[in-house]
Amino acid sequence: MYENEIRNAQKQFTKLIEAQLQRIDAIKHSQQIQEISSKKQIKIGICPGDGIGPIISKQAETILHNLLHEELISKHIEICTINGLTLENRIEKKEAIPSNILQEIKSCDVILKGPTSTPRSGDDLPNIESANVVMRKELDLYANIRPIAI
């Protein structure tokens, strides 16, 4: 009754699993893995985002400064702010994460990212991809699995 739909779903699922297994192999054989505890300086980038993001990020930064007070004084940890993930800037540049901002993000060992808005249909804004999705792809982080329909 649904044989074609099932076969199509199996093919798509097979492609997905194969791609993820290749990704896992690439990560295992990557020379980019760093032992952060052996670094002389750890760079934490704070991306405030937009909307409520800057308010939340400011409070998180205050907490970081209190928790990491000694490490900041000794310069073992550096905190820098990476502006530019606002919806307005992303729309102006027509990029989910503008390339110059992405390079700043990649230069950090740790990123604290505030919320970012993603235009939805009916918003009367250009359709740009979610900054979260692009960041996960670019930094090869984790899969964002949501309920899906095939």
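Here we summarise the structure given alongside this text.

Definitions and limits used
Residues numbered from 1 in each chain as written. Predicted model: local features only at pLDDT ≥ 70, side-chain atom pairs only at ≥ 80, totals over all residues. Heavy atoms only, no water. Helix = DSSP H or I, 4+ residues; strand = E, 2+ residues; numbered from the N terminus. Buried < 20%, exposed > 50% of the residue type's maximum accessible area, 1.4 Å probe, protein only. Salt bridge = Lys/Arg side-chain N within 4 Å of Asp/Glu carboxyl O. Pairing = 2+ DSSP bridges. Axes fitted to C-alpha atoms, helices over the stretch in contact; angles between N-to-C directions. Patch = residues over 30% accessible without salt bridge, like charges linked within 9 Å, V, L, I, M, F, W, Y side chains within 5 Å. Areas by Shrake-Rupley, 256 points an atom, 1.4 Å probe, with all protein chains shown as cover.

1. Observations concerning the environment of glutamate 92
Tracing the backbone through its elements, the reader meets glutamate 92 in helix H4 (residues 87-93). We classify glutamate 92 as exposed; its relative accessible area is 60%. Between the C-alpha atom of glutamate 92 and that of proline 126, which follows or precedes it by 34 residues, the distance is 9.5 Å.

2. A few points about the pattern of salt bridges
For side chains bearing opposite charge, pairing can occur when the charged atoms are close. All told, the structure shown has 4 salt bridges when counted by the stated rule. When the shortest N-O distance is used, the salt bridge between lysine 39 and aspartate 109 registers 2.6 Å. Linking lysine 39 in the loop between helix H1 (3-28) and strand S1 (42-47) with aspartate 109 in the loop between helix H5 (99-106) and strand S3 (110-113), this pair joins segments that are 70 residues apart in sequence. Given the relative accessible area of 25%, lysine 39 is considered partly exposed. Between lysine 137 and glutamate 129 there is a salt bridge, with the nearest N and O atoms lying 3.0 Å from each other.

3. Regarding the sheet that holds S3
Ordered in space as S2-S1-S3, the 3 strands form an open sheet in which the pairing is parallel. The open sheet has two edge strands, strand S2 (77-81) and S3, and neither has a second partner. Along the sheet, successive strands turn relative to each other by an average axial angle of 20°, direction set aside. Bridge count for S1 against S3 is 4 bridges, and the pairing is parallel.

4. Description of a nonpolar patch on the surface
Together, Phe13, Leu16, Ile17, Leu21 and Ile24 give the surface a local cluster of nonpolar side chains, amounting to about 460 Å² of exposed area. In this fold, isoleucine 24 is placed in helix H1. Classification of isoleucine 24 by relative accessible area gives partly exposed; the value is 38%.

The values are spatial; any link to function lies outside them.
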